[in-house]
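# Secondary and tertiary structure notes
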Amino acid sequence: MRRVFPLLSAACRVTSVRVSSAPAALVTEPTPPEPVPAPAKGRRLAWLDALRGFAALCVVFDHSSTLVLQHVRLDVYQWFNAGQYGVFVFFLVSGYIIPASLERKGSVRGFWVSRGFRLYPLYILGIGISLLAWKTGLGPIHGADTQLKTWVYSLPFMMSNMLDGANVPNVIWTLSFEMVFYFLLSALFTFRVHRHSGGYALTAAIGALALGGILPMQGLSHAMGSRRVAVIADAALFIGLALAVSGRRVPRMVGGALAGVTGLTLLLFNTSYPYKWSGLTILALMFTGTMLYRAEQGEFGRRKAAVIAVLVFALTIGAGVWHSTAWHLYGSYQRQFDLQWISSLVLAGATFAIGMALRHRTVPRALAWLGLVSYSVYMLHPIVLNAYRTVPAFDRPHPFPIQVLLAAGILVVVLAAASLSYYFVEAPMQRVGHRFARMLQGRFGSDAITDSVAVPDAPAVAAGDPMLDGTPGLPDPAHETSEQAHAHRHDREEQHGHEHRGHEDRGYEQAVSRDARHGS
């Protein structure tokens, strides 16, 4: 996404996370839930998938429109950045569903096993295909060949964007922010302070406004050297996660704190792309998503959540508009950046709000399926576009009707590749992950952390993005129809209806997780 703002000067790089403590004034006690009628059968699964699928298409348009439909891009990007908008929606969805997954599991070890089998298979596949394409002359690897050791050090924890490594494929820069959010989430959950999402969201937004102009880009790497920072960070994260999943209280807390602090330090002081205020903006959006989930479940006042959400978006808008003036852009370019930043954030928030408002409506099957494969769409489309550039007959000016046909052809190829990737890589590896998690629990026992507040099942989502997660032991979405999924969910609701009647009264969305995309 390093081509997000094509009209900005070359010095400007573009586009499109969790604070360890919140001010006491920002912490809100859970409020009594309001009775909400249970949604109609089959109408509550796919709204997050729909958001994910639509966001993935926006990112594909962002990158492909530099090759085809350039005039459409020129008109749209005068005021709106589709790629930036898409990743903002991704982070809101991720913040909504990932904490719910961890709290439902109650196990830091189970959470990381799920995350690992959810993200890494396609991550490794994407890197492998990119290297093969580079060797055969069908695509670049963005400098990984000239900084091989630094790049390799940045791979284990997907931290290329914060350890000065090359982003291969180029879109994996967002996974660095995802991983930091996971580190912080694990730490907050271990210390039992994970429910103050509104405070964390507002604190991160305030930080983006107050500090976004002075935080250094790659500051640690410049001061200590990229490889040294990468080795120290990798060691700290490895030790921290090893302790965090140990199942013992004190080591778990020490490990969670070490991993969380390391991730947050890298985000604040060593991010390489896109902006100084990006990390805190992304954290604010993700915690806003978490806060909205808690409000939906009756754990947080809905009016307070709405007020905080508005404040978060206002503060992050202000951060981008204010701090970008330090670039001293020519007047029209500054206006363009401001319009893109404002419209991307406002429309991302509005899109998520509309999705929540329509969450009980039936989602078109095609859009739900697109959400299912959206992680593969996101990871593989840059590789398809790189190959497109190597074909002389394609990579040249064309009349508009031909551009439309080429754009449709690109989309067909991307969706076909994503389908193969999902059904033959993502879904099978998730099933392996579920079995592995059960094996670990049988071998080492449960490491679940007892919660003082009952946690409902996470909303079911089929995602193809690193932000949505599957549920061990439930019917596998890769091999069941939509009607079967609804039937399984209905049977489970009837079986546990009496036990969870209180949850239904609170509007809890119990569901089968069809996780297959951007992650929980």
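What counts, and where the lines are drawn
Residues numbered from 1 in each chain as written. Predicted model: local features only at pLDDT ≥ 70, side-chain atom pairs only at ≥ 80, totals over all residues. Heavy atoms only, no water. Helix = DSSP H or I, 4+ residues; strand = E, 2+ residues; numbered from the N terminus. Areas by Shrake-Rupley, 256 points an atom, 1.4 Å probe, with all protein chains shown as cover. Expected span 1.5 Å × (residues − 1). Bend = angle between axes of the 7 residues up to and from the residue. Phe/Tyr/Trp six-rings, centres within 6.5 Å; stacked < 30°, edge-to-face > 60°. Buried < 20%, exposed > 50% of the residue type's maximum accessible area, 1.4 Å probe, protein only. Lys NZ or Arg CZ within 6 Å of the ring centre and 35° of its normal. Core = buried A, V, L, I, M, F, W, Y, C linked by side-chain atoms within 4.5 Å. Contact = heavy atoms within 4.5 Å. pLDDT = per-residue confidence, 0-100. Salt bridge = Lys/Arg side-chain N within 4 Å of Asp/Glu carboxyl O. 1 Å grid on protein atoms, 1.4 Å probe; cavity = no way out; pocket = protein on both sides within 12 Å on 5 of 7 lines; lining within 4 Å. Points joined across faces, edges and corners; volume = space filled by probe spheres on them. Axes fitted to C-alpha atoms, helices over the stretch in contact; angles between N-to-C directions. Parallel < 35°, antiparallel > 145°, perpendicular 65-115°, else oblique. Left-handed = near helix turned anticlockwise from the far one by under 90°. Nonpolar A, V, L, I, M, F, W, Y, C, P; charged D, E, K, R; others polar. Polar contact = N/O pair within 3.5 Å; in protein donor to acceptor, adjacent residues only side chain to side chain. Patch = residues over 30% accessible without salt bridge, like charges linked within 9 Å, V, L, I, M, F, W, Y side chains within 5 Å.

## Observations concerning the overall build of the protein
- Within the protein, the secondary structure is distributed over 18 helices and zero strands.
- Per element, the accessible surface of the protein, about 20300 Å² overall, is 67% carbon and sulfur.

## Let's talk about helix H16 (residues 400-444)
- Over its 45 residues, H16 runs 61 Å from end to end, which matches the ideal 66 Å to within 8%, given 1.5 Å per residue.
- Where H16 bends most, at Tyr422, the angle is about 40 degrees.
- Count one or two residues on from H16 and you reach Gly445, which has phi positive near 85 degrees.

## Looking at the packing of aromatic side chains
- By the definition in use, this model includes 32 aromatic pairs.
- Considering the side-chain rings of Phe111 and Trp112, the 5.8 Å spacing of their centres and the 85 degrees angle between planes classify their relative orientation as edge-to-face.
- In this structure Phe111 comes out as buried when scored by relative accessible area, which is 0%.
- Considering the side-chain rings of Tyr422 and Tyr423, the 4.9 Å spacing of their centres and the 75 degrees angle between planes classify their relative orientation as edge-to-face.
- Put simply, the rings of Phe88, Tyr275, Trp277, Trp327, Phe337 and Trp341 pair up and form one aromatic cluster.
- Lying across the ring of Tyr77, Arg73 places its NZ or CZ 4.1 Å from the centre.
- Here the basic side chain of Arg192 rests over the ring of Phe189, its NZ or CZ set 4.5 Å away from the ring centre.

## Some remarks on the nonpolar core
- Counting residues in each nonpolar core, the largest one holds 123 residues, and the members touching the most others are Tyr123, Met159, Phe183, Leu283, Phe352 and Met379.
- Broken down by element, the residue count for this core peaks at 14 residues, all from helix H3 (residues 82-105).
- If sequence neighbours within four positions are ignored, Tyr123 has contacts with Ser154, Leu155, Met158, Ile172, Leu175, Tyr375 and Met379.

## Comments concerning the confidence of the model for the protein
- With 78% of its residues at a pLDDT of 70 or more, the protein shows a mean pLDDT of 82.
- This model gives residues 1-44 a pLDDT under 50, and the stretch forms 148 contacts once residues within four places in sequence are excluded.
- For residues 452-520, every residue scores under 50 in pLDDT, and the model assigns this stretch 238 contacts once sequence neighbours within four places are set aside.

## A few points about the environment of Val108
- Positionally, Val108 belongs in helix H4 (residues 108-135).
- Take Val108: its relative accessible area is 0%, and that puts it in the buried class.
- For Val108 and Gly247, which are 139 residues apart along the polypeptide, the C-alpha to C-alpha distance reads 8.3 Å.

## Focus on the pattern of salt bridges
- If you walk through the whole model with that rule in mind, you get nine salt bridges.
- Arg195 serves as the salt-bridge partner of Glu103, at 3.8 Å between the closest nitrogen and oxygen. Placement of Glu103 in helix H3 and of Arg195 in the loop between helix H6 (173-190) and helix H7 (197-211) is noted, with a sequence separation of 92 residues between them.
- For Glu103, a relative accessible area of 6% translates into the label buried.
- Using a relative accessible area of 16% as the deciding quantity, one classes Arg195 as buried.
- Through salt bridges with shared partners, a single ionic network connects Glu103, Arg195, Arg294 and Glu299.

## Quick word on empty space enclosed by the protein
- Size it by volume and the largest cavity reaches roughly 50 Å³.
- Looking at the lining of the largest cavity, the elements that each hand over two or more residues are H4 and helix H15 (374-389).

## Digging into the environment of Ala314
- When you line up the elements, Ala314 lands in helix H12 (residues 302-323).
- A sequence separation of 32 residues divides Ala314 from Val346, and the C-alpha atoms of the two residues are 9.0 Å apart.

## What about the packing of H12 against helix H13 (residues 331-357)?
- Running from N to C, H12 and H13 point in directions that differ by 160 degrees, and their axes come no closer than 9 Å. With respect to their mutual orientation, H12 and H13 come out roughly antiparallel. H13 is crossed by H12, and the crossing has right-handed handedness. Counting all contacts with H12, which are made through Phe313, Thr316, Ile317, Gly320 and Val321, the residues of H13 involved are Gln334, Phe337, Asp338, Trp341, Ile342, Leu345, Val346 and Gly349.
- The class makeup of the residues in the contact of H12 with H13 is eight nonpolar, four polar and one charged.

## Brief notes about the side chain of Gln334
- Note that Gln334 resides in helix H13.
- Here Ser324 takes part through its side chain, which lies 2.9 Å from a polar atom of the side chain of Gln334.
- Sequence-distant contacts of Gln334, defined by excluding residues within four places in its chain, comprise Val321, Ser324, Thr325 and Leu329.

## Re the packing of helix H9 (residues 226-244) against helix H10 (residues 249-269)
- Packing of H9 against H10 brings their axes to within 7 Å, and their N-to-C directions diverge by 150 degrees. With respect to each other, H9 and H10 are oriented roughly antiparallel. The handedness of the crossing between H9 and H10 comes out as left-handed. Taking contact as the criterion, the partners of Val229, Ala233, Ala236, Leu237, Ile239, Gly240, Leu241, Leu243 and Ala244 in H9 are, on H10, Pro251, Arg252, Val254, Gly255, Gly256, Leu258, Ala259, Thr262, Gly263 and Leu266.

## Some points on a nonpolar patch on the surface
- Together, Trp79, Leu339 and Leu347 make up an exposed nonpolar region whose accessible area comes to about 280 Å².
- Considering the arrangement of structural elements, one finds Trp79 in the loop between helix H2 (70-76) and H3.
- Since its relative accessible area comes to 42%, Trp79 is described here as partly exposed.

## Notes on H3
- An ideal rise of 1.5 Å per residue puts 34 Å on 24 residues; H3 measures up with 35 Å between its terminal C-alpha atoms.
- Most pronounced at Ser94, the bend in H3 amounts to some 25 degrees.
- Capping the start of H3, Asn81 holds a side-chain oxygen 3.1 Å from the backbone nitrogen of Gly83, two or three residues further along.
- Gly106, located one to two residues past H3, shows a positive phi value of around 70 degrees.

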